[in-house]
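Secondary and tertiary structure notes
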Amino acid sequence: EQIEKGGYDHFMLKEIYEQPSVIKDTYRGRLHANKGMIQMAGVEDNIDKFTNANRILIVACGTSWHAGLVAEYIFEEFSRIPVEVEYASEFRYRNPIIYPDDVVIAISQSGETADTLAAIKLAKEKGAFVFGVCNVVGSSISRETHAGAYTHAGPEIGVASTKAFTTQITVLTMMALRLAKAKGTMNTSDYQRYLLELELIPEKVEEALQTNEVAKMIASIYKSAPNCLYLGRGYNFPVALEGALKLKEISYIHAEGYPAAEMKHGPIALIDEHMPIVVIAPKQNHYDKVVSNIQEIKARSGKIIAVVTKGDTQVRALADHVIEIPDTAEALTPLLTTIPLQLLSYHIAVMRECNVDQPRNLAKSVTVE
Ligand code: AGP
């Protein structure tokens, strides 16, 4: 097992550090930035199904559901197709309305999640085309779907999903761009800019991994906090949910993710000098709104841990701690903002002497209801 961990203390840490290389694996044979092209076999073979779709329904659980939420923002923005994201467990039990021209995308690392599998069977019975985004080759979900794309993240052993999440987002982003091209919903220069920016993501993830030391230092300050809030807007709202899930799963600290603007509708009541609040605040659209959210937290003495774009000064002046990530296109920021949140929860869990790779009560894949 020590050899399999490749010198890392835990599988989770190894898998966090593998992200630059597995994202490259996910691109292989698909992303051709120099030719201005994305080619994904499962998508090419069914391109009409996607371009004629009136709606995309995404079904998944847990972290994969969070990747689905990121994809909702990206598909709607790039390919102008309405997207609904459903917990597979809810979808399967509520007699959902599915039209034959709906495309259902099922996302699953293991490809064995019982609820997701059941949702796929239901969607197929109702005549929808079902596309799988799976990591495990030959898994039940990859066999049960009409077509699909593998994430090529390699084996993920840590129960807390890390590299599976970022490679799911990578695959879904490439799909959204491919559809944008097919549907003509994005102009050529933006399309080309995204392709080039995608190519740079692995090295930017590498740079984001250099936040390890600062994440560790912040972890040492907040490791005993009983609660933690995660806030983000737009593309980074699902990242807030994912950051909170990671902390809950492996450190057993109660954490909640919220869209930053929802804070004033309830969670703000929780804020006092004992509450750490992780705010995802890259310098993009809505930046000013996030800055005012941070001011509201500060006025209530909350402890602010902000994930910001390198060189940021405005948030730095307000926050208790900043974690800098490289700049990228707004839609791609989740691939970078996620990294320090993974590291933060990892270090907190280690400092609390938790079983990082096999947290209590959790299984790597939930094959029962
Ligand atoms: C993530 O850290 C979890 N352990 C869990 O939420 C997981 O993402 C979920 O069970 C879905 O699994 P899947 O992707 O294998 O279907």
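Residues numbered from 1 in each chain as written. Predicted model: local features only at pLDDT ≥ 70, side-chain atom pairs only at ≥ 80, totals over all residues.

Residues at a pLDDT of 70 or more form 100% of the chain, whose mean pLDDT is 96. Two numbers describe this predicted complex: its pTM, 0.97, and its ipTM, 0.98. (pLDDT = per-residue confidence, 0-100.)

Here the focus is the packing of helix α10 (residues 188-208) against helix α14 (residues 334-351). At a minimum axis separation of 9 Å, α10 and α14 run at an interaxial angle of 25 degrees. Classified by the angle between their axes, α10 and α14 sit roughly parallel to one another. Our pair here, α10 against α14, has a crossing hand that is right-handed. Touching Ile201, Lys204, Val205 and Ala208 of α10 are Leu335, Leu336, Ile339 and Pro340, all from α14. Of the residues that constitute the contact of α10 with α14, the class distribution is 7 nonpolar, no polar and 1 charged. (Axes fitted to C-alpha atoms, helices over the stretch in contact; angles between N-to-C directions. Helix = DSSP H or I, 4+ residues; strand = E, 2+ residues; numbered from the N terminus. Parallel < 35°, antiparallel > 145°, perpendicular 65-115°, else oblique. Left-handed = near helix turned anticlockwise from the far one by under 90°. Contact = placed C-beta atoms within 7 Å. Nonpolar A, V, L, I, M, F, W, Y, C, P; charged D, E, K, R; others polar.)

The next point concerns the sheet that holds strand β4 (residues 83-87). The 5 strands are arranged β4-β3-β5-β6-β7 in an open sheet whose pairing can be described as parallel. A strand with exactly one partner marks an edge of an open sheet, and here the two such strands are β4 and β7 (147-150). Put simply, the sheet's adjacent strands are angled 20 degrees from each other on average, direction ignored. Two elements, strand β3 (residues 55-60) and β4, share 5 bridges in a ladder whose sense is parallel. When the sheet's bridge partners are listed, alanine 60 is paired in β4 with tyrosine 87. Against the sheet, helix α5 (residues 62-79) engages β3, β4 and β5 (102-108), with an angle of about 175 degrees to β4. (Pairing = 2+ DSSP bridges.)

With a phi angle near 55 degrees, histidine 152 is a residue other than glycine that sits in the positive phi range. Position of histidine 152 relative to the elements: it lies in the loop between β7 and α9 (163-183).

On to the packing of α5 against α9. In the contact formed by α5 and α9, the axes pass within 9 Å of each other and the chain directions differ by 20 degrees. Overall, the two elements α5 and α9 adopt an arrangement that is roughly parallel. As for how α5 packs across α9, the hand of that crossing is right-handed. Judged by residue contacts, Thr63, Ser64, His66, Ala67, Val70, Ala71, Ile74, Phe75, Phe78 and Ser79 of α5 engage Ala164, Phe165, Gln168, Ile169, Leu172, Thr173, Ala176, Leu177, Leu179, Ala180 and Lys183 from α9. When its residues are assigned to classes, the contact of α5 with α9 shows 14 nonpolar, 6 polar and 1 charged.

Attention now goes to the site of the ligand. Around the ligand, the structure places 16 residues, and the nearest of them are Gly62, Thr63, Ser108, Ser110 and Thr113. Ranked by residue count, the leading element in the shell around the ligand is α5, at 3 residues. Split by residue class, the shell around the ligand holds 5 nonpolar, 10 polar and 1 charged. (Near = placed C-beta within 6 Å.)

It is worth spelling out the sheet that holds strand β11 (residues 303-309) at this point. Read from one edge of the open sheet, 5 strands run β9-β8-β10-β11-β12, paired in parallel fashion. With one partner strand each, in any of the chains shown, β9 (254-259) and β12 (321-325) form the two edges of the open sheet. Geometrically, the sheet is characterised by an average inter-axis angle of 20 degrees between neighbouring strands, direction not taken into account. Judged from the 6 bridges that link them, strand β8 (residues 227-232) and β9 form a sheet pairing that is parallel. Residue pairing across strands places leucine 229 opposite glutamate 256, the latter belonging to β9. Relative to strand β10 (residues 276-281), helix α13 (residues 287-299) is tilted by about 165 degrees, and along the sheet it contacts β8, β10 and β11.

Turning to the nonpolar core, a few remarks are in order. Soluble globular proteins: nonpolar side chains tend toward being buried together. Core analysis: the biggest nonpolar cluster contains 125 residues, and Ile58, Ala106, Leu231, Val279 and Ala306 have the highest contact counts within it. The element contributing the most residues to this core is α9, with 11 residues. Those residues in contact with valine 279 that lie beyond four places of it in its chain are Leu231, Ala260, Val290, Asn293, Ile294, Ile304 and Ala306. (Core = buried A, V, L, I, M, F, W, Y, C linked by C-beta atoms within 7 Å. Buried ≥ 20, exposed ≤ 12 C-beta atoms within 10 Å, placed from the backbone.)

It is worth spelling out the pairing of β3 at this point. The buried fraction of β3 amounts to 5 of the 6 residues, a majority that puts the element mostly inside the structure. Note: β3 against β5, 5 bridges, orientation parallel. Note on β5: the bridge partner recorded for leucine 57 is valine 104. With α5 bridging β3 and its parallel neighbour β4, the resulting β-α-β unit is right-handed. (Right-handed = clockwise from strand over helix to strand, strands pointing away.)

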